[in-house]
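If you want the building blocks of each chain, they are given just below.
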Amino acid sequence: MENFNFHVTTDIRFGKDRLSELPEVLNVFGKKVLLVYGGGSIKRNGLYDRVVQLLTDNGSTIVELSGVEPNPRIETVTKGAQLCRAHQIDVILAVGGGSVIDCSKAIAGGTFVEGDLWENLVLKRRYNGPALPLVTILTLAATGSEMNSGGVISNMATQQKLGMGGKNLLPKASFLDPTNTFTVNAYQTTAGSADIFSHLMENYFNATPGTDVQDGVAEGLMKTVIKNLPIALKDPENYDARANLMWASTLALNGLTGSGKQGTWSCHAMEHELSAFYDITHGMGLAILTPRWMAHILNDVTVPKFARFAKEVWGIQDENPEQAAKKGIQALYDFFLENGVPMTLPAVGIDTEKDFEKMAQQAVAHSTIATSAFVPLSEKDVVAIYQACMSESTFV
Ligand code: NZQ
Ligand code: ZN
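Note that the structure is a prediction, hence the values are computed from the model and not measured.

Concerning the site of ligand 1
Thought 1: Around ligand 1, the structure places 32 residues, and the nearest of them are Gly39, Ser41, Gly98, Ser99 and Asp102.
Thought 2: Between ligand 1 and Gly150 there is a distance of 3.1 Å, counted from a nitrogen atom to a backbone nitrogen or oxygen.
Thought 3: Here an oxygen atom of ligand 1 sits 2.8 Å away from a polar atom, N or O, in the side chain of His268.
Thought 4: The protein chains hide 88% of the 960 Å² of surface that ligand 1 would expose on its own.
Thought 5: Elements with a minimum of two residues in the shell around ligand 1: helix H5 (98–110), strand E6 (150–155), helix H7 (186–204) and helix H10 (267–278).
Thought 6: For the shell around ligand 1, a count of residues per class yields 7 nonpolar, 22 polar and 3 charged.

Looking at the sheet that holds strand E1 (residues 11–14)
Thought 1: In spatial order, the strands read E1-E8-E5-E4-E2-E3; together these 6 strands make up an open sheet with parallel pairing. At either end of the open sheet lies a strand with only one pairing partner, and these are E1 and strand E3 (61–65). The sheet shows a mean angle of 20 degrees between the axes of neighbouring strands, direction not considered.
Thought 2: Of the pairings in the sheet, the one linking strand E4 (residues 91–96) to strand E5 (residues 134–138) comprises 5 bridges and is parallel in character. Bridge pairing in E5 places Ile92 opposite Leu134.
Thought 3: Against the sheet, helix H4 (residues 74–87) engages strand E2 (32–37), E3 and E4, with an angle of about 160 degrees to E3.

Here we look at the coordination of the zinc ion (ligand 2)
Thought 1: Within the first shell, the zinc ion (ligand 2) binds the protein through Asp195 (OD), His199 (NE2), His268 (NE2) and His282 (NE2), at distances of 2.0 to 2.2 Å.
Thought 2: In primary sequence terms, the donor set of the zinc ion (ligand 2) follows D-x3-H-x68-H-x13-H. In this pair, His199 sits in helix H7 while His268 sits in helix H10, placing the two residues 69 residues apart along the sequence. For the pair formed by His199 and His268, the shared burial category is buried.

A look at the packing of aromatic side chains
Thought 1: Following the criterion strictly, the structure yields 16 aromatic pairs and no others.
Thought 2: Taking 5.8 Å as the distance between ring centres and 65 degrees as the angle between the ring planes, the aromatic pair formed by Phe14 and Trp247 counts as edge-to-face. You can see Phe14 sitting in strand E1 and its partner Trp247 sitting in helix H9 (residues 239–252), a full 233 residues away along the chain.
Thought 3: Assessed through its relative accessible area of 27%, Phe14 is described here as partly exposed.
Thought 4: Judged by centre distance (6.4 Å) and plane angle (75 degrees), the ring pair of Phe309 and Trp314 falls under edge-to-face.

A few points about the pattern of salt bridges
Thought 1: Applying the stated criterion to the full structure yields 13 salt bridges.
Thought 2: Close ionic contact of Arg73 with Asp279 constitutes a salt bridge, the shortest N to O distance being 3.1 Å. Of this pair, Arg73 sits in the loop between E3 and H4 while Asp279 sits in the loop between H10 and helix H11 (282–297); the two residues are 206 residues apart in sequence, bridging distant segments of the chain.
Thought 3: Take Asp279: its relative accessible area is 37%, and that puts it in the partly exposed class.
Thought 4: A salt bridge links Glu322 to Lys326; the nearest nitrogen and oxygen atoms lie 3.1 Å apart. Of this pair, Glu322 and Lys326 both sit in helix H13 (residues 321–338), separated by 4 residues, roughly a single helical turn.
Thought 5: Overall, the relative accessible area of 25% leaves Lys326 in the partly exposed class.

Quick notes on the domain arrangement of the protein chain
Thought 1: Domain annotation for the protein chain reports domain 1 (11–181) and domain 2 (186–388).
Thought 2: For domain 1 and domain 2, the distance between their C-alpha centroids amounts to 27 Å.
Thought 3: Between domain 1 and domain 2, the contact holds 28 residues from the first and 28 residues from the second.
Thought 4: Of the roughly 2,300 Å² buried between domain 1 and domain 2 on both sides combined, carbon and sulfur atoms contribute 57%.

Focus: the packing of H7 against helix H12 (residues 303–314)
Thought 1: Taken N-terminus to C-terminus, the directions of H7 and H12 make an angle of 140 degrees; their axes are 12 Å apart at the nearest point. Relative to H12, the element H7 lies oblique. Classified by chirality, the crossing of H12 by H7 is right-handed. Mapping the contact onto sequence places Phe197, Met201 and Tyr204 in H7 and Lys305, Arg308, Phe309, Val313 and Trp314 in H12.
Thought 2: Of the residues assigned to the contact of H7 with H12, the class counts are 6 nonpolar, no polar and 2 charged.

With respect to unusual backbone geometry
Thought 1: Backbone geometry places Gln88, a non-glycine residue, at a positive phi of 45 degrees.
Thought 2: As for its placement among the helices and strands, Gln88 is situated in the loop between H4 and E4.
Thought 3: Residue classification places Gln88 among the exposed positions, given a relative accessible area of 57%.
Thought 4: Even without being glycine, Gln159 reaches a positive phi, approximately 55 degrees.
Thought 5: Within the fold, Gln159 resides in the loop between E6 and strand E7 (160–165).

Reading guide: rules and limits
- Residues numbered from 1 in each chain as written.
- Chains lettered and ligands numbered in written order.
- Predicted model: local features only at pLDDT ≥ 70, side-chain atom pairs only at ≥ 80, totals over all residues.
- Heavy atoms only, no water.
- Near = heavy atom within 4 Å.
- Polar contact = N/O pair within 3.5 Å; in protein donor to acceptor, adjacent residues only side chain to side chain.
- Areas by Shrake-Rupley, 256 points an atom, 1.4 Å probe, with all protein chains shown as cover.
- Helix = DSSP H or I, 4+ residues; strand = E, 2+ residues; numbered from the N terminus.
- Nonpolar A, V, L, I, M, F, W, Y, C, P; charged D, E, K, R; others polar.
- Pairing = 2+ DSSP bridges.
- Axes fitted to C-alpha atoms, helices over the stretch in contact; angles between N-to-C directions.
- Contact = heavy atoms within 4.5 Å.
- Donors = N, O, S within 2.8 Å, 3.2 Å for Na, K, Ca; no water.
- Buried < 20%, exposed > 50% of the residue type's maximum accessible area, 1.4 Å probe, protein only.
- Phe/Tyr/Trp six-rings, centres within 6.5 Å; stacked < 30°, edge-to-face > 60°.
- Salt bridge = Lys/Arg side-chain N within 4 Å of Asp/Glu carboxyl O.
- Domains from an automatic or database assignment.
- Buried area = accessible area lost by both parts, 1.4 Å probe.
- Parallel < 35°, antiparallel > 145°, perpendicular 65-115°, else oblique.
- Left-handed = near helix turned anticlockwise from the far one by under 90°.

And the structure:
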């Protein structure tokens, strides 16, 4: 296990009927609030009205930024930062999924950055400057953005989707009420669960030895998703299923399973290019890529970890490690398929290979997958993995 710091200070307020605590949490920072939300789901399910009522009763001044896109755009970040400066905002309140929270993080830092925010904030990737305090109300179990310091911003003009972050962007507090996810539709519920699963897998399939704690926690969280996703799909208002998915989302990417390991993530680097070029849903792209990536990197060195994954996560008993590994990959593929993931790229609207080389170049250029991944990936490898996603697959 490598050395690490673990200092994640987000004040988590988990559970139902906790929203009355919101004013007290916000008042620590001030009364001028930028309320950030997406395309209207919070208006349809009543959360917007409850938040506005609470803030109004609290005597807060509310400035709104609505319409944050899934795969949030740099233009929206810029607009938010301008609002913060113009209204001398004290605190940002993000109400939504990962996109709203990520956009709010970029606004929190971008308020203090001069000039073009794509050039001077996102392209820099790490931001250590000042930031407005951020409080979140999570409405979708997926990204873990509610308890980490990263964000992902898209620039459709340049076909780039890049992660950025810094410790000052970590949310000060996050309200995690599972009932706020009851209205998430089946597609987004599955996509969110695939994202949680991928965060766990990206940390799990890593070359650092001696990480029993991280791997055991990851296996437990993967099993949590496997158990609770089908329940949430069948019964969207099942509180415990939603609660377990929500807490799994947070723990999958708050440093718990990634600290102490070295090396970069592969599927996220490849997925960000799919989203940058075709604006697809992040979790769906990951679900499609992951089994093909696994099959691509299965070799004599990696097979023990794959066999462990098959046994511990899927309960597969097979004395032959390679057979066990392949059955584990198949089990993951089937799980996604059974829970509604369109498991090919054409099924999510990418029916041509024309951009694969350019996407592979960018995936390698924007990350360190060619040097520090579990199994390093060249541009050629990335193209082969994209190509394997063009039709249905079997692995055993
Ligand atoms: O925009 P609204 O109307 O709110 O609708 C959203 C959106 O259409 C809807 N939704 C959210 N909560 C809902 C709801 N619909 C009904 N009821 C609710 N309670 O769901 C749709 C998707 O929302 P979005 O926020 O885009 O989803 P998600 O949370 O999966 O976030 C995806 C973004 O996060 C980035 C992804 O790349 C992508 O841009 N990621 C952020 C990470 C991080 N900050 O740590 C890590 C991840 O790996 C990921 O890259
Ligand atoms: Zn992700």
